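Single-letter residue listing:
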Amino acid sequence: MSGLGGVNGTVCSAQEYEESLSSPNPSLTCLTHGQSIGLTIVAETSLLSIVCVMVIFVLYGRNILRYRKALPDGGWRWLQTPADIYLITLFFFDILQALGGALNVRWAHDGIVTTGSYCAAQGIIQQTGELGVALTTLLLTTHSFVTALWSVGIEARGVAFGLVVFMCAFIGLWVGLGDGLNKNYEAPTPYWCWISDRYNKERMAGEYVWIWVALFASIVLNIPVFLWATGRLFVDKKRPYFHLSFANGATPNRATLRLLIYPVAYALVVLPTSIARWLRFSHHPVSSASQFFGAAMFNLSGAVNVLLFLVSQSELLLFAPPVEPILVMQPGSPEPEDQGPQPTAVDHANGIQLRDLPLSQSPDGSRNSARDSSNIDDII
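Residues numbered from 1 in each chain as written. Predicted model: local features only at pLDDT ≥ 70, side-chain atom pairs only at ≥ 80, totals over all residues. Heavy atoms only, no water.

## Some remarks on the overall build of the protein chain
Along the backbone of the protein chain there are 12 helices and eight strands. Evaluated residue by residue, the protein chain yields a buried proportion of 46% over its 380 residues. Look at the contacts in the protein chain between residues 6 or more apart in sequence, and 72% of them connect residues 24 or more apart. Summed over its atoms, the accessible surface of the protein chain is roughly 18,400 Å², and 65% of this surface lies on carbon and sulfur atoms. (Helix = DSSP H or I, 4+ residues; strand = E, 2+ residues; numbered from the N terminus. Buried < 20%, exposed > 50% of the residue type's maximum accessible area, 1.4 Å probe, protein only. Contact = heavy atoms within 4.5 Å. Areas by Shrake-Rupley, 256 points an atom, 1.4 Å probe, with all protein chains shown as cover.)

## Re a nonpolar patch on the surface
On the surface, a nonpolar cluster with roughly 370 Å² of combined accessible area is contributed by Phe216, Ile219, Val220 and Ile223. By residue number, the principal contributor to the nonpolar patch is helix α7 (residues 200-220), which donates three residues. Here isoleucine 223 shows up in helix α8 (residues 222-229). (Patch = residues over 30% accessible without salt bridge, like charges linked within 9 Å, V, L, I, M, F, W, Y side chains within 5 Å. Salt bridge = Lys/Arg side-chain N within 4 Å of Asp/Glu carboxyl O.)

## Considering the state of the cysteines
Enumeration over the complete set of coordinates arrives at two disulfides. Taken in sequence order, the bonded cysteines of the protein chain link in the pattern 1-2, 3-4. (Disulfide = S-S within 2.5 Å.)

## Section: α8
Taken together, the buried positions of α8 are Asn222, Pro224, Val225, Trp228 and Ala229. Across the axial projection of α8, the buried residues extend over an arc of 155°, all falling on one side. Remark: glycine 231 follows α8 within two positions and exhibits a positive phi of approximately 80°. (Arc of directions from axis to C-beta.)

## Here we look at the nonpolar core
Formed by 44 residues in total, the largest nonpolar core has its most connected members in Leu87, Phe91, Ile171, Tyr266, Phe309 and Leu317. Sorting the residues of this core by element identifies α2 (33-70), α3 (82-102), α5 (117-150), α6 (157-181), α7, α9 (254-281) and α11 (301-311) as the ones contributing at least two each. Top element by residues in this core is α3. It accounts for 10 residues. Tyr191, Trp194, Ile195 and Tyr208 belong to the second-largest nonpolar core, a separate cluster that totals 18 residues. (Core = buried A, V, L, I, M, F, W, Y, C linked by side-chain atoms within 4.5 Å.)

## Quick word on the confidence of the model for the protein chain
Of the residues in the protein chain, 75% reach a pLDDT of 70 or more, and the chain-wide mean stands at 78. When pLDDT is averaged over each element of the protein chain, helix α4 (residues 104-110) comes out on top at 95 and strand β7 (residues 359-361) at the bottom at 39. Below a pLDDT of 50 lies the segment residues 338-380, which in the model reaches 106 contacts outside its immediate sequence neighbourhood of four places, other chains included. (pLDDT = per-residue confidence, 0-100.)

## Concerning the pattern of salt bridges
Any two side chains of opposite charge can pair if their charged atoms end up close together. One pass over the structure, following the stated rule, counts two salt bridges. Residue arginine 106 is joined to aspartate 110 by a salt bridge in which the shortest nitrogen-to-oxygen separation is 3.5 Å. Residue arginine 106 and its partner aspartate 110 are located together in helix α4, separated by four residues, close to a single helical turn. Given the relative accessible area of 37%, arginine 106 is considered partly exposed. The residue arginine 203 makes a salt bridge to aspartate 197 at a minimum N-O spacing of 2.5 Å. Arginine 203 gets classed as buried once you look at its relative accessible area, which sits at 2%.

## Focus on the packing of α2 against α11
Between α2 and α11, the shortest axis-to-axis distance is 7 Å and the interhelical angle comes to 35°. Seen from above, α2 lies across α11 with left-handed handedness. In this structure, α2 uses Leu48, Ser49, Cys52, Val53 and Ile56 to contact α11, whose residues at the interface are Ser301, Gly302, Ala303, Val306, Phe309 and Leu310. Grouping the amino acids of the contact of α2 with α11 by side-chain chemistry returns eight nonpolar, three polar and no charged. (Axes fitted to C-alpha atoms, helices over the stretch in contact; angles between N-to-C directions. Left-handed = near helix turned anticlockwise from the far one by under 90°. Nonpolar A, V, L, I, M, F, W, Y, C, P; charged D, E, K, R; others polar.)

## Re the packing of α3 against α6
To characterise two packed helices, one gives the angle between the axes of the helices and the distance between these axes. Viewed as axis vectors pointing N to C, α3 and α6 meet at an angle of 25°, and their least axial separation amounts to 8 Å. Taken together, the axis directions place α3 and α6 in an arrangement best described as roughly parallel. α6 is crossed by α3, and the crossing has right-handed handedness. In this structure, α3 contributes Pro82, Ile85, Tyr86, Thr89 and Phe93 to the contact, and α6 contributes Arg157, Ala160, Phe161, Leu163, Val164, Met167, Cys168 and Ile171. Partitioning the contact of α3 with α6 into residue classes produces 11 nonpolar, one polar and one charged. (Parallel < 35°, antiparallel > 145°, perpendicular 65-115°, else oblique.)

## Looking at the side chain of serine 301
Here serine 301 lies in helix α11. If we skip the residues at most four places from it in the chain, serine 301 touches Ser49, Asp94, Gln97, Val133 and Val269.

## Side note on unusual backbone geometry
Residue proline 190 follows threonine 189 across a cis peptide bond; omega there is -15°. Along the chain, proline 190 falls in the loop between β3 (186-188) and β4 (193-195).

## Side note on the environment of alanine 229
Structurally, the position occupied by alanine 229 is in helix α8. Classification of alanine 229 by relative accessible area gives buried; the value is 15%. Separated by 80 residues in sequence, alanine 229 and leucine 149 place their C-alpha atoms 9.1 Å apart.

## Quick look at the packing of aromatic side chains
For the structure shown, the criterion picks out 11 aromatic pairs. A ring pair is formed by tryptophan 194 and tyrosine 208, whose centres lie 5.7 Å apart and whose planes are at 50°; its orientation type is tilted. One end of the pair, tryptophan 194, is in strand β4; the other, tyrosine 208, is in helix α7, with 14 residues separating them in the sequence. Tryptophan 194 sits in the buried class, given a relative accessible area of 3%. Its relative accessible area of 3% is what places tyrosine 208 among the buried residues. A network of ring pairs unites the aromatic residues Phe170, Trp174 and Trp210 as a single cluster. The side chain of arginine 106 reaches across the aromatic face of tyrosine 118, ending 4.6 Å from its centre. (Phe/Tyr/Trp six-rings, centres within 6.5 Å; stacked < 30°, edge-to-face > 60°. Lys NZ or Arg CZ within 6 Å of the ring centre and 35° of its normal.)

See the structure below:
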């Protein structure tokens, strides 16, 4: 951290300090000693998220090698379900978001935030990461809702790949065109570089709206999933009808608890910085301490997602033990010699297809496949 020999406890000269105060959209921000410490904390939490997510990628690489060794003849994929695709995408954007926060280490060291190539790079990386995390969270939440209640798209890997590619193209075009077509698009805001205050519409359309939509969807869509998983909500599989019962339902299972944790965790990391940014957007004064706290929480998103993934003991990303692919006896086919009937070939690490599970009794007396009550374990 640079020595503070400038004006009002900063490293800035009198001319620089006056310039930082003379314009509503200054090209530099002079940091006090306390503000430099706040930025250091933001950078440290960001580095923590990067390390946590990198650990997941290392473990995922280990899982791939384990599967290649156990199943050399194939029968498995690197990304076996749509949830795998969404989750690996989420972790990727978590790293980008945290990297943008980690770049604050330069501002904390220099004691001044200025425009330039480093500033532009930080703004672009932060936009890409934050928008990517929001959109991927929205996709994962919607996927969980649809597959849990209607058993649709459980193995739609092509759709998932298409949506992720479309999302990445949208992010690339929005961020690239915004920075390429607008002058001084990335600027101090004021303690780090992001979309300049003069481009508030771009801020709203390119990030705020998607963060709030993802937050809203994470909470609202998981309420019926929780009611369904606890036996209080019954869904007509052929029509989008819900039947709510106030009778005591089943004890929530592990997958239901995971669904409850994700939206709550997302709200915890998103709300502080969203509130601070909204107040600044509405021209209300926001203390630097509040902004640093919100940024630190927001950049912990990667660490929080990793913690939830590990605590929930998810079997996604090949964390389930390798299982040899086995064939099913088709009706009317001759029985192979010395072999008894066997279940369907596995497409994922759980080792059995949901459609082959026994039937369960619903409250109205009809019989439903156990996939209706079990597929929730494969979507988060």
